[in-house]
Amino acid sequence: MEKIRIGIVGYGNIGRGVELAVERNEDMELKAVFTRREPESVEIITSGVPVMKMDDMLSMKGQIDVMILCGGSATDLPVIGPEIVKNFHTIDSFDTHAKIPEYYSDVDAAAKEGGNIGIISVGWDPGMFSLNRVYAESILVQGDTYTFWGKGVSQGHSDAIRRIPGVKNAIQYTVPIQAAVDKVRSGCGPKLETRDKHLRECYVVAEEGADQSQIENAIKTMPNYFADYETTVTFITEEELKAGHARMPHGGFVIRSGETGHDGNKHVIEYSLKLDSNPEFTSSVLVCYARAAYRLAQKGESGARTVFDIAPALLSVKSAEELRAQLL
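This structure is a prediction, so every number in the text was calculated from the model and none was measured.

> I'd like a description of helix H10 (residues 278-298), backed by residues and values.
Look at H10: 31 Å from first C-alpha to last across 21 residues, which is about the 30 Å you get at 1.5 Å a residue. Burial analysis of H10 places 16 of its 21 residues in the buried class, the great majority of the element. You can read the cap of H10 off the contacts: a side-chain oxygen lies 3.2 Å from the backbone nitrogen of Glu-280, and it is on Ser-277. Trailing H10 by a residue or two, Gly-300 shows a phi angle of about 85 degrees, which is positive.

> Please give an account of the packing of aromatic side chains that cites residues and values.
Taken as a whole and judged by the stated rule, the model has five aromatic pairs. Summarising the aromatic geometry, the rings of Phe-94 and Tyr-103 are spaced 4.2 Å apart at their centres and angled 20 degrees between planes, so their arrangement reads as stacked. The exposure class assigned to Phe-94 is buried, which follows from its relative accessible area of 2%. With a relative accessible area of 3%, Tyr-103 lands in the buried category.

> Outline the side chain of Asp-65, supporting the account with residue identities and numerical values.
With respect to the helices and strands, the residue Asp-65 is situated in the loop between strand E3 (51-53) and strand E4 (66-69). A polar side-chain atom of Asp-65 sits 2.8 Å from the main-chain amide nitrogen of Arg-5. The contacts of Asp-65, once residues within four sequence positions are left out, are Lys-3, Ile-4, Arg-5, His-89 and Tyr-294.

> Account for the sheet that holds strand E8 (residues 152-153), with residues named and values stated.
Here four strands make up an open sheet; going across it, the order is E8-E9-E10-E11 and the pairing mixed. Edge positions in the open sheet fall to E8 and strand E11 (230-235), since each of these has one partner strand only. Judged from the six bridges that link them, strand E10 (residues 198-206) and E11 form a sheet pairing that is parallel. The partner of Arg-200 across the bridge, within E11, is Thr-231. Contacts from helix H5 (residues 155-162) reach E8, strand E9 (167-176) and E10 within the one sheet, and its direction differs from that of E9 by about 145 degrees.

> Tell me what's going on with the environment of Val-85, and back it up with residues and numbers.
By the element assignment, Val-85 lies in the loop between helix H2 (77-84) and strand E5 (89-92). Judged by its relative accessible area of 0%, Val-85 falls in the buried class. For the pair Val-85 and Lys-112, spaced 27 residues apart in sequence, the C-alpha separation works out to 8.8 Å. Excluding residues within four positions of it along the chain, Val-85 makes contact with Thr-90, Val-107, Ala-110, Ala-111, Asn-116, Ile-117 and Gly-118.

What counts and what doesn't
Note that residues are indexed from 1 along each chain, following the sequence as it is written. Residue-level local features of this predicted model are given only where pLDDT is at least 70; pairs of side-chain atoms are given and counted only at 80 or more, and the full residue set underlies all totals for whole chains, interfaces and linings. Remark: hydrogens and water are excluded; side-chain values derive from all non-hydrogen atoms of the structure. Only DSSP runs of H or I covering at least 4 residues are called helices, and only runs of E covering at least 2 are called strands; the numbering of each starts at the N terminus. Between the first and last residue of a helix there are one fewer steps than residues, each counted as 1.5 Å, and that sum is the expected span. Here the term buried applies to any residue with accessible area under 20% of the maximum for its type, exposed to any over 50%, and partly exposed to those in between, with areas from a 1.4 Å probe on protein chains only. In the analysis that follows, any N or O atom pair within 3.5 Å is treated as a polar contact, provided that within protein one partner can donate a hydrogen and the other can accept it, and provided that, for residues neighboring in sequence, both atoms belong to side chains. Within 6.5 Å between ring centres, the rings of Phe, Tyr and Trp (the latter by its six-membered ring) count as paired, and their orientation is classed by plane angle as stacked under 30 degrees, edge-to-face over 60, tilted in between. Contacts: residue pairs with any heavy atoms within 4.5 Å of one another. Note on pairing: DSSP must find at least two bridges between two strands before they are called paired. For helices, the fitted line uses only the C-alpha atoms of the stretch in contact; every axis is such a line through C-alpha atoms, and the angle between N-to-C directions lies from 0 to 180 degrees.

Next up, the structure:
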């Protein structure tokens, strides 16, 4: 079997998850890991695979089929996404929902310039949840769609906090408000504002001498992340963070309630996830979309794509015949 050659850009939680996911996919192999750190300081799991500086990436052109970009959405992906897709096919997990149209345009222009495919905003939300919103709204044309996240660790929001001056480390939990979930599941179609559905709990390790009140204000007023939510900020020590917040669970629900026919028959569609490891699950989604990017590239396609543009068959290692026989 010809293997899809994967490159990992960035070796944090998502990068490590991608490495583990590639190991589980028989049609893929890891070719290189790229980092801004000193390569010798980065210890990866896969033996015989080089860890290289980001600046040396172009030396691997022609030796890697798909680059999986594992940077954060706040400041990293908006820069490296369009830059790298000029030379490589890419997958990323850009998750700042309000900025996806702008990011798509930037990646699309750069991908077409380089003749490459760039699949953006891949993961479970945006990603799997996005697909389920489209499926449900297409079926129940009249109705309401609700998305709840958590309780769990949001990697993107945690990363955004860690980039605030004076923050040494941080983790953020998204917590659904149970009363709102129950109302939605009843099918009554409640009207809910953003802050009616979730709480955001932030645990922050501040640098020594940092102004904690300034950090708290920066968090609570951050647009696209915390400004529209009821947000709590708790300052703790590095030891407390490691002892009480080492795991990264997450999950959530997409619920669509609607009516059909003339008699007001009510229906509720629900898709849910319960994840022990947010980064490992997200990485597994990224890796299966790398297969799709490779297959689109083999057809000579270029430009940006989202999960809405990718046929399910392109994600699977199974052949079309196997899918029809086993899963249809």
